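Okay, here's what each chain looks like letter by letter:
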Amino acid sequence: MASQSTPRALRRVAVLGGNRIPFARSNGPYAKASNQDMLTATVDGLVARFGLAGERLGEVVAGAVLKHSRDFNLTRETVLGTRLDPATPAYDVQQACGTGLEAAVLVANKIALGQVDAGIAGGVDSASDAPIAVSEGLRQTLLAVNRARSAGERAKALTGLRPGHLVPAVPENVEPRTGLSMGEHMALTAAQWGITREAQDELAAASHQHLAAAYERGFFDDLVTPYLGVSRDTNLRADSTVEKLSTLKPVFGKGEGATMTAGNSTPLTDGASAVLLASEEWATEHRLTPLAWFVDAETAAVDYVHGDEGLLMAPAYAVPRLLARNGLSLQDFDFYEIHEAFAATVLTTLKAWEDPDFCRERLGLDAPLGSIDRSRLNVNGSSLAAGHPFAATGGRIVASLAKQLKEAGGGRGLISICAAGGQGVVAILEA
Amino acid sequence: MTDLFTTIVSSPVARKVGVPQPTRLRRYEPGMPLCEGPVLVAGGGRFADGVAAWLGGEGVAAVSTLPDEGDKVGAVVLDLSAATDPADLDQLRLLGAPAVKALRRNGRVVVIGTDPATLTDVAEVTTQRALEGAVRSLGKELRGGATANLVLAQGQAHDGVRSAVEFFLSGRSAYVDGQVVRVDESTSGDVDALRPLDGKVAVVTGAARGIGAEIARVLARDGATVVAVDVPAAGDALATVANEVRGTALQLDVTSDDAGSRIVEHATTRHGGLDVVVHNAGITRDKLFVNMDDDRWHSVMEVNLRSVLRMNDAILGEGGLADGGRIVCVASIAGIAGNRGQTNYGASKAGVIGLVTALSRQVADRGITVNAVAPGFIETEMTARIPFATREIGRRMNSLQQGGHPKDVAETIAWFAQPGAAAVTGHVVRVCGQSLLGA
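Residues numbered from 1 in each chain as written. Chains lettered and ligands numbered in written order. Predicted model: local features only at pLDDT ≥ 70, side-chain atom pairs only at ≥ 80, totals over all residues.

Time to look at the overall build of chain B. Each helix and strand counted, chain B has 15 helices and 13 strands in total. The C-alpha atoms of chain B give 21 Å as radius of gyration, which agrees with the globular expectation for 439 residues (22 Å, within 12%). Reported as C-alpha extents along the three principal axes, the dimensions of chain B are approximately 60 × 55 × 40 Å. Sequence separation of at least 24 residues holds for 75% of the intrachain contacts in chain B that already meet a minimum separation of 6. (Helix = DSSP H or I, 4+ residues; strand = E, 2+ residues; numbered from the N terminus. Rg over C-alpha atoms; globule rule 2.2 N^0.38 Å. Contact = placed C-beta atoms within 7 Å.)

Helix and strand content of chain A: 14 helices and twelve strands. On C-alpha atoms alone, chain A measures out to a radius of gyration of 23 Å, which is about the 22 Å that the 2.2 N^0.38 rule sets for 431 residues. By its C-alpha atoms, chain A is 75 × 65 × 55 Å across when sized along the principal axes. Here chain A holds 431 residues, and the buried ones make up 52% of them. (Buried ≥ 20, exposed ≤ 12 C-beta atoms within 10 Å, placed from the backbone.)

Right, let's get into the sheet that holds strand β6 (residues 180–182) of chain B. Residues and elements named next belong to chain B. Strand order in the open sheet made by the six strands is β2-β1-β3-β4-β5-β6, with parallel pairing throughout. Edge positions in the sheet fall to β2 (62–63) and β6, since each of these pairs with one other strand and no more. As paired strands, strand β4 (residues 103–114) and strand β5 (residues 147–153) are joined by seven bridges and run parallel to one another. Note on β5: the bridge partner recorded for Val 109 is Ala 148. In the packing of helix α3 (residues 48–57) onto the sheet, the strands contacted are β1 (39–42), β2 and β3 (73–79), and the crossing angle to β1 comes to about 155 degrees. Here helix α4 (residues 90–101) sits on the sheet in contact with β1, β3 and β4, set at roughly 170 degrees to β3. (Pairing = 2+ DSSP bridges. Axes fitted to C-alpha atoms, helices over the stretch in contact; angles between N-to-C directions.)

Taken together, the contact pairs 17 residues of chain B with 19 residues of chain A. Secondary structure elements with two or more residues in the side of chain B that touches chain A: α8 (235–244), β9 (248–251) and α9 (259–271) of chain B. For the side of chain B that touches chain A, the element with the most residues is α8 of chain B, which contributes six residues.

Turning to the domain arrangement of chain B, a few remarks are in order. Residue and element names in this part refer to chain B. Parsing chain B into structural domains produces domain 1 (34–182) and domain 2 (201–431). Of all the elements in the fold, those that place two or more residues in the side of domain 1 that touches domain 2 are α5 (122–141), α6 (159–169) and β6. The leading source of residues in the side of domain 1 that touches domain 2 is α6, at five residues. Looking at side-chain class alone, the side of domain 1 that touches domain 2 contains eight nonpolar, six polar and five charged residues. (Domains from an automatic or database assignment. Nonpolar A, V, L, I, M, F, W, Y, C, P; charged D, E, K, R; others polar.)

A few words on the domain arrangement of chain A. Note on interface size: it is often stated as the accessible area lost on association of the parts. Entries for chain A in the domain assignment read domain 1 (136–166) and domain 2 (182–218 + 295–430). Domain 1 of chain A and domain 2 of chain A are separated by 49 Å when their C-alpha centres are compared.

Moving on, we come to the packing of helix α7 (residues 210–221) of chain B against helix α15 (residues 406–417) of chain B. Residue and element names in this part refer to chain B. Contact geometry for α7 and α15: axes closest at 8 Å, N-to-C directions at 50 degrees. By the angle between their axes, α7 is oblique relative to α15. You can see that α7 and α15 cross each other, and the crossing is right-handed. Contact residues: α7 offers Gly 210, Ile 211, Glu 214, Ile 215, Val 218 and Leu 219, while α15 offers Pro 406, Lys 407, Val 409, Ala 410, Glu 411, Ile 413, Ala 414 and Ala 417. Residue composition of the contact of α7 with α15, by class: ten nonpolar, one polar and three charged. (Parallel < 35°, antiparallel > 145°, perpendicular 65-115°, else oblique. Left-handed = near helix turned anticlockwise from the far one by under 90°.)

Attention now goes to the nonpolar core. Counting residues in each nonpolar core, the largest one holds 264 residues, and the members touching the most others are Leu 277 of chain A together with Leu 219 and Ala 228 of chain B. Setting aside anything within four residues of it in sequence, one finds Ala 228 of chain B in contact with Val 204, Ala 207, Ala 216, Leu 238, Val 241, Ala 242, Gly 247, Ala 249 and Leu 250 of chain B. (Core = buried A, V, L, I, M, F, W, Y, C linked by C-beta atoms within 7 Å.)

Bringing α15 of chain B into the picture now. Residue and element names in this part refer to chain B. The terminal C-alpha atoms of α15, which comprises twelve residues, lie 17 Å apart, in line with the 16 Å expected from a rise of 1.5 Å per residue. Counted residue by residue, α15 has twelve buried out of twelve residues, so it is predominantly covered. Residues of α15 that are buried include every one of Pro 406, Lys 407, Asp 408, Val 409, Ala 410, Glu 411, Thr 412, Ile 413, Ala 414, Trp 415, Phe 416 and Ala 417, and no others. (Expected span 1.5 Å × (residues − 1).)

With that out of the way, let us pick up helix α10 (residues 314–326) of chain A. Residues and elements named next belong to chain A. Taking 1.5 Å as the rise per residue, α10 with 13 residues should run 18 Å; its terminal C-alpha atoms sit 19 Å apart, in good agreement. Elements in contact with the buried residues of α10: β9 (292–301), α11 (343–354), β11 (412–419) and β12 (423–430). Positive phi appears at Gly 327, one or two residues downstream of α10, with a value of about 65 degrees.

For the pair helix α1 (residues 35–50) of chain A and α8 of chain B, the least separation of the axes is 8 Å and the interaxial angle reads 60 degrees. Comparing the axis directions of α1 of chain A and α8 of chain B gives the class oblique. Remark: the crossing between α1 of chain A and α8 of chain B carries left-handed chirality. In this structure, α1 of chain A uses Ala 41, Asp 44, Gly 45, Val 47 and Ala 48 of chain A to contact α8 of chain B, whose residues at the interface are Gly 235, Asp 236, Leu 238, Ala 239, Ala 242 and Asn 243 of chain B.

Residue and element names in this part refer to chain A. Alternating positions in strand β3 (residues 59–62) separate into two faces, Glu 59 and Val 61 on one and Val 60 and Ala 62 on the other, with burial throughout. Sheet analysis places β3 next to strand β4 (residues 90–92), joined by three bridges and oriented parallel. In the sheet register, Ala 62 faces β4, and the bridge partner there is Asp 92. Once you follow β3 into helix α2 (residues 74–81) and on to β4, the crossover reads as right-handed. (Right-handed = clockwise from strand over helix to strand, strands pointing away.)

We now examine the environment of Glu 430 of chain A. Residue and element names in this part refer to chain A. Its place among the elements puts Glu 430 in strand β12. On a C-alpha basis, the gap between Glu 430 and Phe 333 in space is 9.3 Å, while along the polypeptide they are 97 residues apart. With near-sequence residues (within four places) excluded, Glu 430 lies in contact with Ala 292, Trp 293, Val 295 and Arg 412.

Residue and element names in this part refer to chain B. Strand order in this open sheet of seven strands is β9-β8-β7-β10-β11-β12-β13, and the pairing throughout is parallel. Of all the strands in the sheet, the pair left with one neighbour each is β9 and β13 (428–431). Going across the sheet, the axis of each strand differs from the next one's by a mean of 20 degrees, ignoring polarity. In terms of strand pairing, strand β8 (residues 225–230) meets β9 through four bridges, oriented parallel. Bridging across to β9, Val 229 finds its partner in Leu 250.

If you want it as structure tokens, here you go:
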């Protein structure tokens, strides 16, 4: 009788670096680029940076939120178009705005388990080259025609067609179960938590200023590769100020209390990102120095449909679980990367962690998590300035935080990303 | 890069009516024979026997007398290094003239002399110096893609002579014509002819496109691991080149203060060393002298000259370029002959020539060589934008009656980088088809 094999010990997972193309506001310079085009350019940029041409990696995992049905194998098709060894396997994931970070979690876990030695995690989204589907009525009619066995039956099936069926179905940024857009959801939560317009505009201005400063000091020289003539994020306004932002009219929320504007909400964006993760041994063999270690991750979801919770509040639940598992407090971090879906999302999350009632009743904690040192928050800018191609945001943050930790000579960073469907993905990096 | 004019003048009709047609140059490809047809080796100098023996080893027939009437030779190597009196120069004519008549298309004339700078006897210096005038004039007479070049040797050492003769005989020197190369007594031993740069780590700045991209390709073809460097804004093209040559892309601005140390750090940590640096990054900002503004002047000086000086400090510092390493700069005909509207560019490129001369002496004890190429009219995106008439003149006004390819520049750089070229330092080799400019 064969003896049962013992499980292998877990391995540390290194973040070796990343690459992204500059993010561009939708219907701009990348309007005609497909998800596959952008992801291919991004992966090839990563391959060039790390000398991986012809290399077979353990896997490439990526995804897109807005995806054409023909792109069912988007990541594998991308790999076949890159300079990686075509023998590199790939698969797609989709967890709304959490896609990019979830992809990193998946690759990291396989590396930790010893199932692969190195892999690329990424994400891409085009809000410009969006999939447009035929209406449900037309689709049913066409399927009936396809099933028909004779000319007569086909003619009969076609009689079911109505003029209204010719209107195409365009993807919308709304939650299917509530019919509310993400911004409208956020406006409800922001109002509930009393998040002020000023605080949101301050956060937005800081995001632009931090991102601009990071570009100026060359921070992105080895994180970004130009694409289609664009070399910086097109949404970036280096001269953004609270005063300028305060002149914008609210776009989400109703009446006097509306605080959310186009300036403190992320715009629809096109872009792609990718990060290279590997075991320590693989990194050493390839003469690569880890920027940071991918320590742990947690995903949470909230019932925003029936429960009394905001759509984008899941990270507020995920973080305390992650902290408890790692024996850390919220203050044990040198850098915080909280994805700026909206300025109000970040502010609500921080406020919730400071709120004794929320922490006791919702999180089941004896004491609130407390406040963070705001000077450690999104130090190189975040989505309000860079833009937010949904699935690409995770990769952007992982690579930037890892490099920031390396530059700081070590430390610990927290990543928090909210996602549609009331979900949130959070992670810890250390260097 | 074929324009309408080129299409017309190179058409069969144009050929029939007698429009002169440039010869398709024989350019090096791996595995190609060194030379097409036998090589006449004559002259009675101290290197001739060694060259003949080496050619035989390379599978090239070396003959000491011309074959029968009607048979062609691929090249002629005339060793006049022993000539001490002007009367000895007769040999050049008596041996050379019939051989040049029997030269095939893309043939080669290589003359070996003794470097006059190492001689003291007046008659001897006079004689050896005379070779240069003869070779440069012959270059202008040769047709059919043939070239004439002069190798000036010191003492008895063969390695440098062999490397230079090999370069001039091969397709690597297709667009190098009428040049004089001095070789010193450095030795190099045997090198792999197919992959002379095997195991070497080479950095190329300005590698995203044009000549820089071609340098990266040629160095990689010859076996080097290439670090392709260019400004972050050119990162997409850079990535394509780096991936094509299976090297790595390093996005940095060569004018930044830490460019040199970042290059060294990348090459040593990622590839385990640094053996070859090609300072190719360069810009032009043309304006007549009287209208030249601060920005045009300074940006050209900064990118073409000052950044090279700064990077060399780091590259030649502790833990940087390995002993026996290579630095290759890119000068320009404009730095030799000057060019209207290019006082800034001309100054920077002439400065590069000064840098090569001075630095080569400083690092000679470490076995590091410092050389430059000076490209003439090279067919690139940049020259394609030159106005038609100026472009046609630039293209035709040289002994080969055509523009060079980026590859021609890259091949000369790759030769400087070879271990075999250890005896070549402090040189500027023009890759210009013997252009009339600055001749």
